[in-house]
Amino acid sequence: MTKNEKQIKGTAQGHNGIINYEVDVANDNIEDLKILKHSETSGIFNQVIDKLKKNILTQQSFDVDAVSGATVMTQAILDSAKKAVQDEDVNITPVIQPKQEHRTTNLKTDVVVIGGGEAGLVAASRALTMGQDVILVEKNGYLGGATILNGSNVTGTGSKVSEKIFGNDSEDSPKLLAEDVARECKHTNYPDLTNLMVHNIGPAIDFISDFAGLDYQKAQTQTPEHSIDRQIELPTASSYEFIQKVSKAFEKHGGKILLGTRVENLIYTKNGEVNGLVAEADGETVNIKAKSVVLAAGGYGANQKMRTPESKGIDYYGPMTSTGDAYNFNEQLDLKTHDMDWYKVYPHGVEVEPGIAKLTTYASKKATDMGSIYVNSKGKRIVNESDVYSEFRDAILDQPDKISYLLMDERTWKEFYGLMVLHDFTEKEVQQFFDDKDNRPVFVKGSLDEVAKSAGVDVQSLEETVKHYQQYAKDGVDPEFGRDAQFLHEFEGNTYYLVEQCARFATTLGGYSVDSNSLELVNKMNNTVPNYFGAGEVVGGANGHDSMPSMMNTWGISSGYVAGASASENAEQRKASGSDEKNIVSIVGTNASKSYNRKLLCSMKDLFETQVDFDICEIDQIPLFNEDLLNDEPLLVKELAKKVENADGVVIAVPEYDHAVPAALKSVLEWLSCAEHPFTNKPVMIVGTSLGIQGTVRAQMNLRQILDAPGMDASVMPGNEFMLPQAPNQFDENNHLVDQGSEDFLKECFDHFMDYIDTAAHKVQPEPEQRLSVVND
């Protein structure tokens, strides 16, 4: 390593703990950013760190934007690394980036999916394989949503995948799965949605496994809520594998993913039907028109304002980006919701910061299999430790402090600890729990007396509880709670561990109502909302008030599968019936390469593309009109004539040359009134801008005369004269109008043009006189 090379090590405080990194610099340039160790959620971290590093290296600066959805983590790295480099007296010269003005991008597709979690990716993939063009938008800078924090375990009922795993003699069936769902949620589920879920999960698992190359196997843990072995998982047991492989396959097959793109509003047809969306990205407004929209935007657990009293005292461990955005941008539709006070509460959690928990489900299940017991602050057992999770949950929530403690011996702790570190905890983090005896979470080790005193548990009562339990284990009978003898194991040795367990939730179980066949969203009048479908957590009811383990993934995959198919079929129907949007053709009235009137039409396209199809046509390649060529009409003239003929209306942006229209525009109109007659009775709106203060007033008058001439017979909208003066001062770098008053007036004129088109369409028009325009040699 030369004098000009340095390897600068540093640490940053991430969301879950310390991030160790190294910045490699040479000759005052940032060469690399290496992550040495971290305790962040791998599925999120792996997606965002490469994006962050690319921006740092490209811009040679740590003053870059944090990655949306992972702001805490990425901003911590940026701030820490900037200081670490400065402390080493390294002077990095940033690469000056060109100033990016806010821009508007207009896209069209068959199906657009909102949300890049499990349900959204399956829906997008399903629609894609059914022949649709599909765009998926995700507000975060990474994919996965709430799914990324979960395991990959899911039911495979009815699938060829499960038949291969469990054998064709398995007694599992959709009917049995539905019965288990109803029993565990105490029949609070919506049967029609449950049936949709259990009958589609098999085909859905087979579909997504084949599409993305997923190699499911028998899940390591088969939980007792399920009456039969049916849970499957991926080899890594991680949902990140699912998200990574499905998204890769989706893009490989032609799907498009837009990250960091937050939906703000929906787009509607003239009849008020959903027709796409408006989203905001970094420095960009993205308008996407679509035949079908699938809403898979997740839940609202992180939104304290949307949380109901039922969640009080229950820690949250889901993504902090689950803020219920859909309930804002859907407000206009008056959609029907239900059971917004339902939360999927698990009993196995550790509060790592106020109100925020991490799950210990796998570790806690292993501990109880080995004989651990649950006690309250009075030192009393509270539940059959081998019962279903819902019993644990209810037992913990029944405690005044909503906390219980898992008591285990040394041999059990080793297994418990190993699974904690495997699933989202770090060794250092766990050690900090033991070291900090004054704050939650409670992690204590020692004799029974010592752990009771450290945790604030009644010592005498705990000793009595353990004494009784040891006898139960010897006898193989639990007269207190009826625990199965196979899980009654005596505590070994004199060293005990007492670990806090609190109720926590990540997902919401209520949400929007849908048609139980198509998953089309429903409004408060119980009418389906055309072209709009729901999938995943945002749609509630299939699992009732309490979902069994693996069933949130089961709903996400099955509902995504159905919604994707329904959206595809709807898109096909809309394509077959033809567009109900107005088709507006606009003509740049000059052949000049630089034109403020071209800017005006670009501005109009950005403003009105969500309402209509707005096509900008150039005339610079159309040859000068020549009557001698009428029998050999140029192809470009025929193409423009066809566009005008098929348009619902035409907008002409006219410059002013010597008090009249430009010769190039006059020539084109001569072609279109002599060789062709596409303007006959065609609604036309005239706009214009110029350098002077009169804004093409004379040219517009001239153009009205031309459009009224024999052979033209256009139906020019009266009044509404949009004449924009002093053109150089009217547009920004992205061709947007800078004056709000001018923009408002333009919108008013265009709205009148839309009404004028409708009026013209219903007006009985006389047959035009077949005559050529007058040509003066």
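Residues numbered from 1 in each chain as written. Predicted model: local features only at pLDDT ≥ 70, side-chain atom pairs only at ≥ 80, totals over all residues. Heavy atoms only, no water.

This part takes up the confidence of the model for the protein. Here the protein averages 91 in pLDDT, and 97% of its residues register 70 or above. Across residues 764-777 the pLDDT falls below 50, and counting only partners more than four positions away or on other chains, this stretch makes 16 contacts in the model. (pLDDT = per-residue confidence, 0-100. Contact = heavy atoms within 4.5 Å.)

Summarising the sheet, strand S2 (residues 18-26) and strand S3 (residues 29-37) pair through seven bridges and their orientation is antiparallel. In the sheet register, Asn-20 faces S3, and the bridge partner there is Lys-37. Counting the residues between successive antiparallel strands, the hairpin from S2 to S3 contains two residues, one of them, Asn-27, with a positive phi of roughly 55 degrees. (Pairing = 2+ DSSP bridges. Helix = DSSP H or I, 4+ residues; strand = E, 2+ residues; numbered from the N terminus.)

The tally for this structure, following the rule as stated, stands at 24 aromatic pairs. When the centroid spacing of 5.4 Å and the interplanar angle of 85 degrees are considered together, the rings of Trp-413 and Phe-434 count as edge-to-face. Linking Trp-413 in helix H11 (residues 410-422) with Phe-434 in helix H12 (residues 427-435), this pair joins segments that are 21 residues apart in sequence. Classification of Phe-434 as buried rests on a relative accessible area of 13%. Among the aromatic residues, those joined into a cluster by ring pairs are Trp-413, Phe-416, Tyr-417, Phe-425, Phe-433, Phe-434, Phe-443 and Tyr-497. Residue placement shows Arg-126 over the ring face of Phe-207; its charged tip is 5.8 Å from the ring centre. (Phe/Tyr/Trp six-rings, centres within 6.5 Å; stacked < 30°, edge-to-face > 60°. Buried < 20%, exposed > 50% of the residue type's maximum accessible area, 1.4 Å probe, protein only. Lys NZ or Arg CZ within 6 Å of the ring centre and 35° of its normal.)

Below, the discussion takes up the pattern of salt bridges. According to the stated counting rule, one finds 41 salt bridges in the structure shown. Across the pair Asp-180 and Arg-183 runs a salt bridge, and its minimum N-O distance is 2.8 Å. Here Asp-180 pairs with Arg-183, and both are found in helix H5 (residues 174-184), just three residues apart, close to one helical turn. One salt bridge connects Lys-218 with Asp-229, and the closest N-O pair in it is separated by 3.3 Å. Of the two residues, Lys-218 sits in strand S7 (residues 217-218) while Asp-229 sits in the loop between S7 and strand S8 (231-233), which places them 11 residues apart along the sequence. Classification of Asp-229 as partly exposed rests on a relative accessible area of 35%. Members of the salt-bridge network, linked through shared partners, are Asp-172, Asp-180, Arg-183, Glu-184 and Arg-230. (Salt bridge = Lys/Arg side-chain N within 4 Å of Asp/Glu carboxyl O.)

The next point concerns a negative patch on the surface. On the surface, Asp-739, Asp-744, Glu-748, Asp-751 and Asp-755 cluster together to form a negatively charged patch. Tracing the backbone through its elements, the reader meets Glu-748 in helix H20 (residues 740-762). Given a relative accessible area of 41%, Glu-748 falls into the partly exposed group. (Patch = residues over 30% accessible without salt bridge, like charges linked within 9 Å, V, L, I, M, F, W, Y side chains within 5 Å. Areas by Shrake-Rupley, 256 points an atom, 1.4 Å probe, with all protein chains shown as cover. Lys, Arg positive; Asp, Glu negative; His and termini not counted. Charge placed at Lys NZ, Arg CZ, Asp CG, Glu CD.)

Looking now at the nonpolar core. Ranked by size, the top nonpolar core spans 144 residues in total, and within it Val-23, Ile-114, Tyr-216, Phe-242 and Tyr-532 carry the most contacts. Take this core: its biggest share by element is 11 residues, from helix H6 (residues 191-212). In this view, Val-23 contacts Lys-6, Gln-7, Ile-8, Ile-30, Asp-32, Leu-33, Phe-62, Ala-81 and Val-85; residues no more than four positions away in its chain are not counted. Ile-587, Ala-647, Leu-672 and Val-716 belong to the second-largest nonpolar core, a separate cluster that totals 32 residues. (Core = buried A, V, L, I, M, F, W, Y, C linked by side-chain atoms within 4.5 Å.)

Taken in spatial order, the three strands make up an open sheet running S6-S8-S7, and their pairing is antiparallel. Edge positions in the sheet fall to strand S6 (154-155) and S7, since each has one partner strand and no second. As judged from the two bridges shared by S7 and S8, these two strands associate in the antiparallel manner. Along S8, the bridge assignment pairs Lys-218 with Ile-232.

With respect to topology, four strands assemble into an open sheet ordered S18-S19-S21-S20, the strand pairing being antiparallel. Each having just a single partner strand, strand S18 (373-375) and strand S20 (443-446) make up the two edges of the open sheet. Recorded for the sheet is a direction-independent mean angle of 25 degrees between the axes of neighbouring strands. Where H11 meets the sheet, it contacts strand S19 (403-409), S20 and strand S21 (496-502), and its direction lies at approximately 120 degrees from that of S19. (Axes fitted to C-alpha atoms, helices over the stretch in contact; angles between N-to-C directions.)

This part is about unusual backbone geometry. At His-187, a residue that is not glycine, the phi angle is positive and equals roughly 60 degrees. Summarising the element assignment, His-187 is placed in the loop between H5 and H6. Its identity is not glycine, yet Asp-339 carries a phi of approximately 50 degrees, on the positive side. Asp-339 sits in the partly exposed class, given a relative accessible area of 23%.

As a packed pair, H6 and helix H15 (residues 551-577) sit with axes 7 Å apart at the nearest point and diverge in direction by 80 degrees. When the axes of H6 and H15 are compared, the pair comes out roughly perpendicular. Between H6 and H15, the residues in contact are Leu-193, Leu-196, Met-197, Asn-200, Ile-201, Pro-203, Ala-204, Ile-205 and Phe-207 and Met-551, Thr-554, Trp-555, Ile-557, Ser-558, Tyr-561 and Val-562, respectively. (Parallel < 35°, antiparallel > 145°, perpendicular 65-115°, else oblique.)

Turning our eyes to something else, we now look at the packing of helix H3 (residues 118-129) against H15. Running from amino to carboxyl end, H3 crosses H15 at an angle of 35 degrees, the nearest separation of the two axes being 7 Å. As H3 packs across H15, the resulting crossing turns out to be right-handed. Across the interface between the two elements, Glu-118, Ala-119, Val-122, Ala-123, Arg-126 and Ala-127 of H3 pack against Met-552, Asn-553, Gly-556, Ile-557, Ser-559, Gly-560, Tyr-561, Gly-564, Ala-565 and Ser-568 of H15. By residue class, the composition of the contact of H3 with H15 is eight nonpolar, six polar and two charged. (Left-handed = near helix turned anticlockwise from the far one by under 90°. Nonpolar A, V, L, I, M, F, W, Y, C, P; charged D, E, K, R; others polar.)

Topologically, Phe-433 is positioned in helix H12. Residue Phe-433 is classed as buried on the basis of its relative accessible area, which comes to 8%. Separated by 345 residues in sequence, Phe-433 and Glu-88 have C-alpha atoms that sit 34 Å apart. With residues up to four places along the chain from it excluded, the contact list for Phe-433 reads Val-350, Val-352, Phe-425, Pro-441 and Phe-443.

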